[in-house]
Structure formats: structure tokens, C-alpha cells
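Spelled out, the chains give:
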Amino acid sequence: MHYKTLLVAFMGLAFFWGNAQKQIPEVEQLLQKMTIEEKIGQLNLLTPGGGVATGEVVSENVGAKIKTGQVGGLFGVAGPDRVRKAQELAVKESRLGIPLLIGSDVIHGYKTTYPIPLGLSSTWDMDLVRQAAQMAAREATADGINWNFSPMVDIARDPRWGRISEGAGEDPYLGSKIAEAMVKGYQGEDLAAVHTMLACVKHLALYGAAEAGRDYHTVDMGKIKMFNQYLPPYKAAIDAGAASVMSSFNDVDGVPATGNKWLLTDLLRTQWGFDGFVVSDYTSLNEMVPHGLGDLQAVSALALKAGLDMDMVGEGFLTTLKKSLDEGKITAEDITKACRRVLEAKYISGLFEDPYKYLDSKRPKNDILTKENRALARKLATRSFVLLKNHNNLLPLEKKGKIALIGPLADSRENMLGTWAPTGDFNLAVTILEGFNNVASNADIKYAKGANISDDVDFAKNVNALGRRITMDERSPEAMLKEAVDLAKTSDVVVAVVGEATEMSGESSSRTDISIPDIQKKLIKALVETGKPVALVLMSGRPLTIPEEFDLPVSILQVWHPGVEAGNAIADVVFGDYNPSGKLTATWPVNVGQIPIYHSTKVTGRPAPESGEFQKFRSNYLDAPNAPLLPFGYGLSYTTFDYSNLRLNKKEIHQGEAISATVTITNTGNYDGEEVVQLYLRDVVRSITPPKRQLKGFQKVMLKKGERKEVTITLSPDDLKFYNAQLEFVSEPGEFEVFVGTNSDAELSETFTLK
Ligand code: BGC
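Because the structure is predicted, anything quoted here is derived from the model rather than measured. (Residues numbered from 1 in each chain as written. Predicted model: local features only at pLDDT ≥ 70, side-chain atom pairs only at ≥ 80, totals over all residues. Heavy atoms only, no water.)

## Side note on helix α8 (residues 172–187)
Counted at 1.5 Å a residue, the expected span for α8 with its 16 residues is 22 Å, and the 22 Å between its end C-alpha atoms agrees. Across the 16 residues that make up α8, a large majority, 13, are buried. You can read the cap of α8 off the contacts: a side-chain oxygen lies 3.0 Å from the backbone nitrogen of Y173, and it is on D171. Directly beyond the C-terminal end of α8, a positive phi value near 55° is found at G188. (Helix = DSSP H or I, 4+ residues; strand = E, 2+ residues; numbered from the N terminus. Expected span 1.5 Å × (residues − 1). Buried < 20%, exposed > 50% of the residue type's maximum accessible area, 1.4 Å probe, protein only. Polar contact = N/O pair within 3.5 Å; in protein donor to acceptor, adjacent residues only side chain to side chain.)

Structure follows, in C-alpha cells:
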């Protein structure tokens with residue numbers, strides 16, 4: 001047979017199976033021995049409680065179910081001894097002794113919590129991101145975990161959505177690089193090694209595009225936007241070898257992701273070639289019932305047929321699949337296919353070879369919260385901070401004199417880790433007061449709280465649903481304010497630590513008003529009125545609307561939620577031991593009315609005037625500019641960088657050719673510093689409306705004071721491509737404009753032509 005005929009036959013077969021097959025002999029032999037009930041059991045993921053229950057159900061009778069082969073995996077169980085007990089029930093007491101997958105949400109560090117993902121993305125340092133994930137894997141596996149529900153790669157362009165904190169921001173290019181770095185960090189070279197764990201890319205798909213920024217809300221998006229803007233990071237994670245995928249809560253084109261065949265099979269497996277397994281989100285299978293897709297039996301059958309392999313907590317598969325099989329609604333092969341994928345994951349984790357391989361009781365002590373790990377967390381945090389403004393070059397401060405450290409977050413251990421850190425322990429976190437005293441021990445540092453995080457009792461109650469993050473001081477607001485102002489007046493400089501409590505962002509923490517709470521605004525104004533120099537250390541899990549604070553004569557350092565080394569890292573940057581280099585990965589709007597707002601917006605047929613002036617019958621607002629307060633990619637340094645002499649190595653290229661842009665960058669200020677050189681591309685004319693510009697390359701470089709460097713960024717042929725109206729990934733001939741600079745408003749530009 002001609003090889004092409006063979007190839008077509010093979011592709012047809014792959015299509016028939018719905019995906020590439022691993023065909024592991026051990027797994028195939030095991031499948032032969034399994035009853036249909038045992039196969040269904042492997043599709044069941046439970047949590048015995050003790051973790052964060054984000055749905056209404058917590059699993060019951062877990063031990064009995066494991067023994068009878070009704071459980072494929074657990075999460076919310078950690079520590080070699082506890083995991084061993086569970087694993088022994090499966091291995092020694094169930095008929096076939098199939099080991100369990102042990103999952104966990106290790107979102108930004110296991111016990112050594114590092115910055116929330118939005119902060120981590122602000123480092124623009126892929127090597128550091130990979131190291132962070134690697135450290136998380138080393139710690140989590142030391143505690144018996146072999147499967148991580150991360151990375152979360154959902155593109156988010158609506159900062160009202162609380163989970164913007166958990167991803168890499170608004171941009172598909174940067175988001176894809178981060179997705180790849182995290183998968184490689186978690187999974188390493190060999191998934192069976194004891195320091196690596198299976199990654200689970202989530203939440204497929206489009207979860208970050210919830211209408212009105214309200215969590216779990218409807219998503220409605222056309223395919224062109226989906227393919228060009230929202231899907232690339234998931235695909236990048238799959239291309240990097242992610243072993244599993246989590247389906248999202250929302251619907252995609254009218255069908256909930258968890259039961260969406262187009263998404264879970266046609267796109268994920270057939271088009272992208274994914275050969276791992278898909279798990280639902282927490283009870284997202286059951287939630288297809290209120291979504292309006294039928295009863296539990298119907299939605300379970302639908303989801304299995306669509307390509308869902310494992311059901312998280314809801315037990316829809318466990319309780320209905322046999323009935324659906326008997327009634328002819330699904331086939332035995334549908335069940336076998338899903339079971340095979342779960343078993344294959346166990347096989348590649350090395351669990352069949354040794355079910356107890358992640359259970360060395362000496363490892364937690366040796367691998368978790370080590371000095372080196374804490375040092376890395378501190379480094380990561382310093383790199384994640386973004387200097388938003390430096391009025392009169394107030395920062396960095398000298399390590400001397402009288403410093404008033406003021407604000408509800410200045411001595412608040414419980415708010416340092418940030419959202420989704422269930423494996424971390426906030427009691428281990430370094431407060432900012434402690435960090436200042438550690439790093440600037442010769443300075444006279446005095447603290448006053450100044451205000452509660454919020455004085456709105458109902459709001460605080462909602463924020464505190466997962467534990468007390470907003471504590472109400474017994475003193476009156478007036479007394480607290482007076483104490484702070486009096487302290488400020490007798491000090492040389494004021495550092496005010498303000499912003500959001502940990503649970504003001506994250507899952508189920510959407511806000512319609514994303515400004516600093518009123519009581520803290522009042523504090524900031526009163527401190528500025530003392531006439532003392534004021535630096536704001538701003539903490540949040542999302543972009544905030546801060547136009548008023550930005551206009552005040554203050555310096556502003558954005559620190560997200562920095563993790564276990566928070567105070568030390570903030571002190572490192574405030575006192576100049578590290579010169580900040582973070583850049584925003586999501587646009588900061590002027591007000592909520594501008595949302596959704598992002599740099600790769602389209603020009604439209606009636607663009608607003610370049611000047612920013614309002615013009616009738618143009619695409620603009622009567623009461624606000626189109627421009628954000630702070631653009632994507634923005635971030636200052638204690639030094640200054642000059643960009644000049646942008647040039648391309650070619651003026652014309654042909655399809656399939658690469659092109660390079662080189663720019664001269666000079667450190668013109670008084671400090672050594674790192675800068676993220678960013679390249680944006682505009683496809684001037686094409687068959688579908690192009691974005692104004694899109695990030696297509698970046699490089700983080702270190703320049704000593706006075707140093708000059710040539711930085712070259714190369715665009716690959718794929719960087720010129722986009723998904724056209726037929727959803728083909730193509731580049732079209734014509735002119736392209738390249739912009740290089742310090743943020744997405746970069747002005748230096750050059751053009752080239754694709755022939
Ligand atoms: C979240 C997931 C998480 C899961 C398990 C859900 O509520 O959406 O991101 O992995 O809970 O904890």
C-alpha cells in the first residue's frame with residue numbers, strides 16, 4: 001500500500017477513536033480483567049473533606065467506596081501517612097488493587113506560597129515561572145500528591161471577575177508562554193519521577209469570559225475571538241504535554257463545557273491531538289442540570305459521550321452510567337475509553353510500578369518550606385511587583401530615619417498569601433511590619449492600622465465566608481485615623497499598605513466596584529494632607545480602579561498578594577535591595593464602565609481621535625477616555641531606559657520566513673535594573689479585522705547603570721498567523737507594523753511586507 005494511503009487510513013482510525021491512543025499493554029491487560037462497575041469506579045473523583053469544598057457536596061463513605069473499587073482518585077488528602085492509608089485501601093483491599101490518583105489545588109506554591117498567578121505573570125520571566133512550578137511540584141509530591149489542578153490559563157479581560165487573580169492576565173501570547181513554562185515545571189522530563197506531578201490545565205474553556213465579570217456566569221463568544229484570543233493558552237499547555245484537562249463550569253457556544261463534544265473531543269482530541277484525560281470541575285457535571293440540559297442521568301451520559309473521563313465529586317457517573325448502559329444510551333466502549341485514559345495517567349505517573357512511590361515520610365521535612373524554597377518565594381515576589389508611579393523619586397527609601405508604616409494590610413498576616421492557597425499556612429507568612437524591621441533594622445519604624453480594610457459590614461461578611469480576612473477593629477474609625485495621622489506627622493516618610501483582603505478576589509469573589517474601599521481612600525487622603533512624602537504599597541488580586549489615588553502626589557508600588565515571604569520581599573523593593581521590574585499583564589481601567597478593556601482591542605470603523613479628545617460620531621465615551629489608566633505591559637523602574645534605533649533585518653519576507661527586530665536600549669538612570677523589552681505587531685490589512693496591535697515577543701534584560709545593549713526579538717512565521725473566517729491558521733500577504741518599547745503603547749515602529 002502506498003504510504004499516503006496508509007497515512008489516511010491511520011488518520012481515519014485516529015478520528016474514529018476520537019484521539020490518539022497510547023496503547024499501553026499493561027493498561028490493556030488490566031482493562032480485560034475489569035467489570036463494568038470497576039471501570040465506572042475509576043471515573044469517580046472524591047474528596048473526603050478537609051480541603052476547600054467549593055460546591056455543595058462533600059463526598060461520603062469514601063473509605064468503603066475505595067475498597068469496593070468505586071473511586072479512581074482523591075483530592076483534599078495530603079501527607080505521606082494519610083495518603084498511604086487511602087492508597088492501601090485501594091491497593092490492598094479493592095479486588096484489582098488499582099492505585100489512586102491523589103490530586104490537589106497547588107495554585108501558587110504548595111506550602112512555600114509564592115505570589116498569586118497574576119503577580120507571577122507580572123515577572124515576565126519564564127525561567128522563574130518554571131522554577132516556581134518545579135518547587136511546587138517538589139513540595140507537593142513530598143506530601144504524597146501526584147496530580148495538580150493547575151495551571152489555570154483562562155484569559156481574563158474583566159477585572160470584576162475575581163479569578164483574574166488566578167491566571168496570567170489578558171494576553172494569549174504571554175498566557176501561552178506561561179502555560180508552557182508551568183506545565184514543564186510541574187511535569188519535568190519524566191512523570192514517573194518522584195518530584196514531578198501531572199498537570200491539569202484548566203478551565204477548558206473560556207471561563208474567564210463570564211458575562212459582566214460574575215463568576216460561573218454565561219459565556220457567549222464567536223469562534224474567531226475564541227480561536228485567536230482565548231484558546232491559545234490551553235493549546236500551548238497541551239502542546240507542552242499537559243497530562244490532563246479540567247472542563248469549565250460555563251457553557252461554550254450554548255453547551256456546558258463539561259458536556260460539550262465539540263470542545264472535549266473534536267477540538268481537544270481530534271484537532272489538538274490531546275491524549276490525556278479530562279476531569280470535570282467541582283460538580284460541574286451535576287450543574288448541567290440547573291444549566292437546563294436534563295436530569296443527572298441524561299447529563300452524565302451526555303458528558304461521557306462528549307469526552308469527559310472523570311467526574312469530580314458529583315457522582316453522576318457513579319450513580320447513573322450503568323443504568324444508561326442497560327438502557328442503551330451509552331456503550332460499554334464509551335466507558336472503557338474513559339477508564340483507559342484514567343488508567344494511562346496512573347501508569348505514566350509510575351503508580352502501577354509502585355503505588356507508594358510518592359510516600360516517603362522523610363521527604364516533607366527535607367523538601368517542604370526549606371530555606372532555599374523560601375528564598376525563591378522571596379525572589380519571585382520581588383520580581384512580581386510593579387512600580388506604578390514614583391512621585392519625586394521617593395522610592396527607594398533609605399534604611400534610616402522615622403518611617404510611619406500605616407494601613408490595614410501592614411500587619412495582617414492572614415492576607416499575605418492571597419486567594420487559592422489552601423495548602424499554604426498564613427501563620428507562616430512574614431508581615432510587612434516584620435519585613436521592614438528585618439531589612440531596615442536601623443530605621444525607626446512605627447506602625448498604625450489607620451483603618452479597617454472595609455467598614456461595610458455586609459461586604460466584610462461575604463469576604464469572610466472562607467475565614468476571617470477582614471477584621472473589624474474595636475476602636476472607632478475616627479480614633480484609628482487620628483492615631484495614623486498623628487504618627488505620620490511625627491515621621492519623615494509614610495508607607496501606607498492598602499488595598500484588597502485575600503478573599504476580595506479569587507473564586508466566587510466578583511466585585512462591581514473595584515476601587516479601594518472608601519474607608520481606606522479616606523485614610524490615604526488624610527495621610528497625603530499631612531504634607532509628608534507618602535508611598536502606597538498596593539495589594540490586590542486584580543487591577544483596581546485608582547484614578548483619584550493616582551493623581552495624588554504619592555508613589556505607588558503594586559504588590560498583588562505576594563505569598564509567604566511578603567513582608568521581606570516588599571521591604572527588599574521599598575528599600576532598594578531589588579529594583580522593581582514587573583510589568584502589568586492586565587490593563588488597569590480608569591473606571592468600571594470601560595470594561596472589558598485590553599490592549600489588543602480592534603480599531604473599529606469610527607476610531608476615536610488620536611488626541612483622546614471626544615468627537616461626536618466616533619467610538620468614544622462622553623464621560624471617560626478610551627485609554628486605560630495604565631496600559632498592558634506597563635511598569636516603571638528606579639532607573640530609566642531609553643529605546644532607540646529600531647531596525648528590522650529585512651524589509652520583505654516570504655511565507656515561512658522569520659524576521660528579526662533589533663533595538664538599542666540604554667540604562668540612563670542611577671540604578672542597575674531589569675527591563676522587559678516588548679514587541680507588538682499590527683497586521684495592517686487582512687481578511688478579518690485586525691487588533692490594533694498584539695504582543696508577539698518580549699525579552700527581559702539586565703542593564704547596569706549607564707549600560708547599553710542591543711536586544712533582538714525574532715518573529716517566527718507562526719507569529720504572523722491568525723485564525724481566519726474558516727478557522728484556518730494562516731498569514732496573509734501585506735504590510736505589518738512592528739512596535740518595540742517598554743509597554744503596549746510602545747512608539748518606536750518599523751514596517752515590513754509579507755510577500
Ligand atoms: C475550582 C477549580 C478547583 C476545584 C477543586 C473548583 O471550585 O473551580 O479550579 O480545581 O474547585 O478544588
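## Side note on the side chain of D105
In this structure, D105 sits in the loop between β3 (101–104) and α6 (117–121). The buried category is assigned to D105, whose relative accessible area is 13%. A distance of 3.2 Å separates polar atoms of two side chains, one belonging to D105 and the other to K202. Setting aside residues up to four positions removed in sequence, D105 forms contacts with N148, F149, K202, W420, P422 and T423. (Contact = heavy atoms within 4.5 Å.)

## A word on the sheet that holds strand β9 (residues 277–279)
Within a beta sheet, neighbouring strands are joined by backbone hydrogen bonds and run either parallel or antiparallel to one another. Strand order in this open sheet of eight strands is β9-β6-β5-β4-β3-β2-β1-β10, and the pairing throughout is parallel. Lying at the two open borders of the sheet, with one neighbouring strand each, are β9 and β10 (311–312). Strand direction decides the pairing type here: strand β4 (residues 147–148) and strand β5 (residues 198–204), joined by two bridges, are parallel. Each bridged residue has a counterpart across the sheet, and for N148 the counterpart in β5 is A199. Against the sheet, helix α10 (residues 232–239) engages β5 and β6 (244–247), with an angle of about 160° to β5. The strands touched by helix α11 (residues 261–271) are β5, β6 and β9; relative to β9, the strand with the most contacts, the crossing angle is about 150°. (Pairing = 2+ DSSP bridges. Axes fitted to C-alpha atoms, helices over the stretch in contact; angles between N-to-C directions.)

## Re the environment of N438
Topologically, N438 is positioned in helix α18 (residues 432–439). Along the sequence, N438 and D572 sit 134 residues apart, while their C-alpha atoms lie 9.7 Å from each other. If we ignore the near neighbours within four places in the chain, the residues touching N438 are V430 and N568.

## A look at the environment of K709
For K709, the location among the structural elements is in strand β22 (residues 708–715). K709 gets classed as partly exposed once you look at its relative accessible area, which sits at 29%. Separated by 685 residues in the primary sequence, K709 and I24 place their C-alpha atoms 51 Å from one another. In this view, K709 contacts V663, T664, I665, M702 and L703; residues no more than four positions away in its chain are not counted. Only 2.6 Å separates the side chain of K709 from the backbone oxygen of M702, close enough to count as a polar contact.

## A few points about the packing of aromatic side chains
By the definition in use, this model includes 18 aromatic pairs. Taking 5.2 Å as the distance between ring centres and 85° as the angle between the ring planes, the aromatic pair formed by W124 and F698 counts as edge-to-face. Placement of W124 in the loop between α6 and α7 (126–142) and of F698 in strand β21 (residues 694–703) is noted, with a sequence separation of 574 residues between them. Given the relative accessible area of 1%, W124 is considered buried. Through a chain of ring-to-ring contacts, the aromatic side chains of F75, W147, F149, F277 and Y282 assemble into a single cluster. Directly above the ring of W420 sits K202, whose terminal nitrogen or CZ lies 5.9 Å from the centroid. Over the face of the ring belonging to W262 we find K223, whose NZ or CZ atom lies 4.3 Å from the ring centre. (Phe/Tyr/Trp six-rings, centres within 6.5 Å; stacked < 30°, edge-to-face > 60°. Lys NZ or Arg CZ within 6 Å of the ring centre and 35° of its normal.)

## Overview of the sheet that holds strand β19 (residues 659–667)
Spatially, the three strands line up as an open sheet ordered β17-β19-β22, and their pairing is antiparallel. In this open sheet, the two strands that pair with only one neighbour each are β17 (641–648) and β22. Ignoring which end each strand starts from, the neighbouring axes of this sheet average 25° apart. Pairing of β17 with β19 involves six bridges; the strand directions are antiparallel. Residue pairing for β19: F641 is matched across the bridge by N667.

## What about the pairing of β21?
Among the 10 residues that make up β21, eight are buried, leaving the element largely enclosed by the rest of the structure. Relative to β21, strand β20 (residues 673–683) is paired through nine bridges, and the arrangement is antiparallel. Across the sheet, residue L679 finds its bridge partner in β21, namely G697.

## Some words on the nonpolar core
In this structure, L74, W147 and F436 are the most contacted members of the largest nonpolar core, which totals 177 residues. Formed by 37 residues, the second largest nonpolar core is a distinct cluster that contains L481, I516, I524 and I546. (Core = buried A, V, L, I, M, F, W, Y, C linked by side-chain atoms within 4.5 Å.)

## What to know about unusual backbone geometry
A cis amide bond links L395 to the next residue, P396, at an omega of 0°. Positionally, P396 belongs in the loop between β11 (386–389) and β12 (402–406). Backbone torsion omega between I595 and P596 reads 0°, so that peptide bond is classified as cis. Its location among the elements puts P596 in the loop between α23 (566–574) and β17. Unlike most non-glycine residues, W124 shows phi in positive territory, near 50°. The phi dihedral of T604 is positive, around 75°, even though this residue is not glycine. With respect to the helices and strands, the residue T604 is situated in the loop between α23 and β17. Its relative accessible area of 45% is what places T604 among the partly exposed residues.

## Some details on the confidence of the model for the protein
For the protein, per-residue confidence averages 95 on the pLDDT scale, and residues scoring 70 or more make up 96% of the total. Counting contacts from residues 1–18, a segment whose pLDDT is below 50, to residues more than four positions away or on other chains yields 10 contacts. (pLDDT = per-residue confidence, 0-100.)

## Considerations on the pattern of salt bridges
For the structure shown, the criterion picks out 47 salt bridges. For R95, the salt bridge goes to E38, with nearest N and O atoms at 2.7 Å. With R95 in the loop between α5 (80–93) and β3 and E38 in helix α3 (residues 36–42), this residue pair connects regions lying 57 residues apart in the sequence. Between R160 and D158 there is a salt bridge, with its nearest N and O atoms 2.8 Å apart. In this pair, the class of R160 matches that of D158, namely buried. Residues joined in a network through salt bridges with shared partners are K449, D473, R475 and E483. (Salt bridge = Lys/Arg side-chain N within 4 Å of Asp/Glu carboxyl O.)

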